[in-house]
Number of protein chains: 2
Amino acid sequence: MRAHNFGAGPCTLPVDVLEEAQAEFVDFAGSGMSLIELSHRSPEYDRVHRRTLELTRSVSGAPDDFSILFIQGGATLQFGMIPMNLLGAGEQAGYVVSGSWGKAAFADGRVVADGYAAWDGEPDGYRRMPRPDEVRQEDNTRYLHVTSNETIGGIRMTDYPVGARLVADMSSDYLSRPIEWDRFDLVYGGVQKNLAPSGMAVVFVRESGLGDPVHPLPKYLDYRWHIESDSLGNTPPMFPIYLMGKVLERVAAAGGLAAVEAEAAERARRVYAAIDGSNGFYTNPVAVPDRSHMNVVFTLPDADRERAFLDGAADRNMVGLKGHRSVGGCRASLYAALPMESVDALVDYMGEFRARF
Amino acid sequence: MRAHNFGAGPCTLPVDVLEEAQAEFVDFAGSGMSLIELSHRSPEYDRVHRRTLELTRSVSGAPDDFSILFIQGGATLQFGMIPMNLLGAGEQAGYVVSGSWGKAAFADGRVVADGYAAWDGEPDGYRRMPRPDEVRQEDNTRYLHVTSNETIGGIRMTDYPVGARLVADMSSDYLSRPIEWDRFDLVYGGVQKNLAPSGMAVVFVRESGLGDPVHPLPKYLDYRWHIESDSLGNTPPMFPIYLMGKVLERVAAAGGLAAVEAEAAERARRVYAAIDGSNGFYTNPVAVPDRSHMNVVFTLPDADRERAFLDGAADRNMVGLKGHRSVGGCRASLYAALPMESVDALVDYMGEFRARF
């Protein structure tokens, strides 16, 4: 029986994609080889690679002056690579520290180059995003770094800061809503939430946004090397690229990002309604306009009931509902491939469980 | 029908591993989820991760003072990471430039820190490895970088330089022969030849070999971060780690590296015998003691016959025999999972083809 997978990532993927990949796993397209056994220089793999690149561009709507890169190392490697590639001498980056991920990007960015906190939500417990007018900008700011969705705090940004060019970590709501491309010089994220198995980040970088690096960079850390090779400079993470292509085919067929966004909003609406209609039995600490559509965090009245809630969920085949170890509580991650029946199963269970007390 | 896959990497993997992974692809261990949908913090994935780590240690025989790291980005990212992590102020690395890969490591290493060519095989066409006494060492050499097997030139190192500590790129003959651990401070390689699908490198690093980095490093580029987190600092490349575990289980069951080495030697012996017994119809340019057991390069008398040879091979379901685009000719890669019947099919075909002329 298929689990209701509320994991924060890696997480649920479309079951028809998994079944299709399973069927062709040992013999890909009649080649007598698995996709993972193909040379990355073979025509068979090349078609897969180009198709995923094309789908990434068409589904995302990224303009032509953005290059699309498949780079291993997840968002974490990008925390260092972005300032290495974008900042020239005397330039710095401002970081919107909106949660654990914004903080991690800031910490790594400052190791590499000059950076400052343009806003810090930590004193407030990361329960909201800043208003644009709260984000301060220092001189020589090359870009502001934002996190579109904070997986742990369960907040998302809808009103982006104005002024400087933007760089956004979109890992945890990647391609779940349309992107206002004109605001960004770089958009990146790990693929292991809405898009593919773990093992790479997709980086959209505007060519005019590339700086004149202060230090020369070894090849793998240099966006230009990935751009020039179409992400084939060395052996790419072929299996995630292949599966991402299958996921994006389905997104395109189902109506693109607007449809993904509408479905995500409906999933989130149902869970927040269960919280808000619980007379305070379940609580979500986030400012309503900033509530994430991907990660719904909530707490119960006490630790005993929380434990009982999680145990009962496990009995009902619902997994991944425990909150992040740094904050506790519960978290339901509602990524793009989560079936609505999983959402309804959770909502029904939340109602039943509450009725017991 | 299963292809005879002589690709240089990615390449053939054990078909029983592929079939086992296929069977459990949609529902891993009764979890109701694919392995790739599991949280990397889940007990199910944790068991997989630890098991692969243990097998990597037991099969490789790496002593306890080596940490074993799973890092994305392939060997190419390591070209930069190694000097970043190992070289202190005033120290440098010597590079044995024994082929395209040694040259690539040298080029990237020099971007990051001081390095020099300790030996350069390019004037000789990369047809042999240096004798130990040909490798020169400058003052303040922290380590010598060697490539155990050059995939493109088809040569391998058996007699390692003496003096300085060694760092070895073993990508293309990784875990195909025992490693003299006391000679090395660091051993690394991409896994996409003998071990797993593309998407990561395995790095063995001796703790006493870690330097005092000149520049602070962002997390993903810092070995200490990977060491402290058991390669779970961010979401690891779960699917390659899982498959590598299955491959290594089979290696262990079949007798470990000594058995892999003996089989590899026998595969190579058969193909070199076909070349050497062809009265010069097939030629291999490599000094005999340095002939690779993984990548057998050979040429035919002229381009027409070479094309006909490759076409006929394709008709017989043999793929991946075209030489690297930088050198031309033919190349048969004989990685650990290549069945002996594929070797014999090639040898038979080489005989038949030659008999036609």
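Preceding this section is the structure that the text describes.
Remember, it's a predicted structure, so these values are computed and weren't measured experimentally.

Some words on the overall build of chain A
A tally of regular secondary structure across chain A gives nine helices and 13 strands. In terms of overall dimensions, chain A is globule-like: its C-alpha atoms have a radius of gyration of 21 Å, near the 21 Å expected for 357 residues. Taking all 357 residues of chain A together, the buried fraction comes to 63%. Taking the contacts inside chain A whose residues are at least 6 apart along the sequence as the reference set, 65% of them involve residues at least 24 apart. Element-wise, carbon and sulfur atoms account for 50% of the exposed surface of chain A, whose accessible area totals about 12800 Å². Averaging the coordinates of the 35 positive side-chain charges in chain A and doing the same for the 48 negative ones gives two points 3 Å apart.

Thoughts on the interface of chain A and chain B
Between chain A and chain B, the residue contacts involve 59 residues of the former and 59 residues of the latter. Both faces considered, chain A and chain B share a buried interface measuring about 4400 Å² in area, 61% of it formed by carbon and sulfur atoms. Here chain A is connected to chain B by four salt bridges. Between the two partners, chain A and chain B, sit 23 residue pairs in polar contact (both at pLDDT 80 or more).

Notes on the pattern of salt bridges
Tallied over the entire structure, the rule returns 60 salt bridges over all chains. Residues A:Asp108 and B:Lys219 are paired through a salt bridge, measuring 3.7 Å at the closest nitrogen-oxygen approach. Of the two residues, A:Asp108 sits in helix H4 (residues 100-112) while B:Lys219 sits in the loop between strand S10 (201-206) and helix H5 (223-228), which places them in two different chains. The class of A:Asp108 is buried, set by a relative accessible area of 3%. B:Glu122 is paired through a salt bridge with B:Lys103; the nearest N and O atoms lie 3.1 Å apart. Pair noted here: B:Glu122 is in the loop between strand S4 (114-120) and strand S5 (141-147) and B:Lys103 is in helix H4 (residues 100-112), with a separation of 19 residues, a long-range link.

Some details on the sheet that holds S4(B)
Residue and element names in this part refer to chain B. Spatial ordering of the open sheet is given by S2-S10-S9-S8-S5-S3-S4, a layout of seven strands whose pairing is mixed. Of all strands in the sheet, those bounded by a partner on one side alone are strand S2 (66-71) and S4. Across the sheet, the mean angle from the axis of one strand to that of its neighbour is 20°, orientation sign disregarded. Sheet topology places S5 next to strand S8 (residues 166-169); four bridges connect them, and they run parallel. The partner of Val-146 across the bridge, within S8, is Ala-168. Seen against the sheet, helix H3 (residues 74-86) touches S2, strand S3 (92-97), S5, S8, strand S9 (184-190) and S10 and runs at an angle of roughly 155° to S9.

Brief notes about the relation of the copies chain A and chain B
Of the transformation superimposing chain A on chain B, the axial component is 0.0 Å and the angular component is 180°, with the fit at an RMSD of 0.0 Å. In short, the pair behaves as if placed about a two-fold rotation axis. A symmetric contact is evident, with 100% of the interface residues of chain A recurring at the interface of chain B.

Describing the side chain of A:Gln78
Along the chain, A:Gln78 falls in helix H3 (residues 74-86). With residues near it in sequence (within four places) discarded, A:Gln78 still touches A:Ile71, A:Pro83, A:Tyr188, A:Ala201, A:Val203 and A:Tyr223.

Quick look at the side chain of A:Ser42
Residues and elements named next belong to chain A. In this structure, Ser-42 sits in the loop between helix H1 (15-23) and helix H2 (43-60). What makes Ser-42 buried here is its relative accessible area of 10%. For Ser-42, the side chain forms a polar contact with the main-chain oxygen of Ser-39, separated by 2.7 Å.

Brief notes about the environment of A:Val59
Residue and element names in this part refer to chain A. Locating Val-59 in the fold gives a position in helix H2. Residues Val-59 and Gly-255 lie 196 residues apart in sequence; the distance between their C-alpha atoms is 9.3 Å. When residues no more than four places from it in sequence are discounted, the contact partners of Val-59 are Leu-248, Val-251, Ala-252 and Leu-257.

A few points about the pairing of strand S5 (residues 141-147) of chain A
Residue and element names in this part refer to chain A. With seven of seven residues buried, S5 is to be regarded as a mostly interior element. Note that strand S3 (residues 92-97) and S5 share four bridges and pair parallel. Counted as the bridge partner of Gln-92 is Thr-141 from S5.

Observations concerning the packing of H3(B) against H4(B)
Residues and elements named next belong to chain B. For the pair H3 and H4, the least separation of the axes is 8 Å and the interaxial angle reads 45°. What the angle tells us is that H3 and H4 run oblique. Viewed along their axes, H3 and H4 form a crossing whose handedness is right-handed. Contacts between H3 and H4 involve Thr-76, Phe-79, Gly-80, Pro-83 and Met-84 on the former and, on the latter, Trp-101, Ala-104, Ala-105, Asp-108, Gly-109 and Val-112. When the residues that make up the contact of H3 with H4 are grouped by side-chain class, the tally is seven nonpolar, three polar and one charged.

With respect to the sheet that holds S5(A)
As a general point, the strands of a sheet are linked pairwise by backbone hydrogen bonds and lie either parallel or antiparallel. All names here are of chain A. Across the sheet, which stays open at both edges, the seven strands sit in the order S2-S10-S9-S8-S5-S3-S4 with mixed pairing between neighbours. Where the open sheet ends on each side, the last strands, each with one partner, are strand S2 (66-71) and strand S4 (114-120). On average, adjacent strands in this sheet sit at an angle of 20° to one another, irrespective of strand direction. With six bridges connecting them, S2 and strand S10 (residues 201-206) associate as antiparallel partners. In the sheet register, Leu-69 faces S10, and the bridge partner there is Val-203.

Examining the state of the cysteines
Inspection of the entire model under this criterion finds zero disulfides over all chains. Not part of a disulfide, B:Cys11 finds its nearest cysteine sulfur in B:Cys330, a span of 18 Å.

Looking at the packing of aromatic side chains
Under the criterion given, the structure shown has 44 aromatic pairs over all chains. Aromatic side chains B:Phe281 and B:Phe353 sit 6.1 Å apart centroid to centroid with 55° between the ring planes, which places their arrangement in the tilted category. Within this pair, whereas B:Phe281 is found in the loop between helix H7 (256-276) and strand S11 (295-298), its partner B:Phe353 is found in helix H9 (residues 340-355), the two being separated by 72 residues in sequence. Every member of this aromatic cluster is reached through a ring pair, and the members are A:Phe25, A:Phe28, A:Phe239, A:Tyr242, B:Phe25, B:Phe28, B:Phe239 and B:Tyr242. Taking the ring centre of A:Phe357 as reference, the NZ or CZ of A:Arg305 above it sits at 5.2 Å.

About the thresholds
- Residues numbered from 1 in each chain as written.
- Chains lettered and ligands numbered in written order.
- Predicted model: local features only at pLDDT ≥ 70, side-chain atom pairs only at ≥ 80, totals over all residues.
- Heavy atoms only, no water.
- Helix = DSSP H or I, 4+ residues; strand = E, 2+ residues; numbered from the N terminus.
- Rg over C-alpha atoms; globule rule 2.2 N^0.38 Å.
- Buried < 20%, exposed > 50% of the residue type's maximum accessible area, 1.4 Å probe, protein only.
- Contact = heavy atoms within 4.5 Å.
- Areas by Shrake-Rupley, 256 points an atom, 1.4 Å probe, with all protein chains shown as cover.
- Lys, Arg positive; Asp, Glu negative; His and termini not counted.
- Charge placed at Lys NZ, Arg CZ, Asp CG, Glu CD.
- Buried area = accessible area lost by both parts, 1.4 Å probe.
- Salt bridge = Lys/Arg side-chain N within 4 Å of Asp/Glu carboxyl O.
- Polar contact = N/O pair within 3.5 Å; in protein donor to acceptor, adjacent residues only side chain to side chain.
- Pairing = 2+ DSSP bridges.
- Axes fitted to C-alpha atoms, helices over the stretch in contact; angles between N-to-C directions.
- Least-squares fit on C-alpha atoms with pLDDT ≥ 70 in both.
- Parallel < 35°, antiparallel > 145°, perpendicular 65-115°, else oblique.
- Left-handed = near helix turned anticlockwise from the far one by under 90°.
- Nonpolar A, V, L, I, M, F, W, Y, C, P; charged D, E, K, R; others polar.
- Disulfide = S-S within 2.5 Å.
- Phe/Tyr/Trp six-rings, centres within 6.5 Å; stacked < 30°, edge-to-face > 60°.
- Lys NZ or Arg CZ within 6 Å of the ring centre and 35° of its normal.

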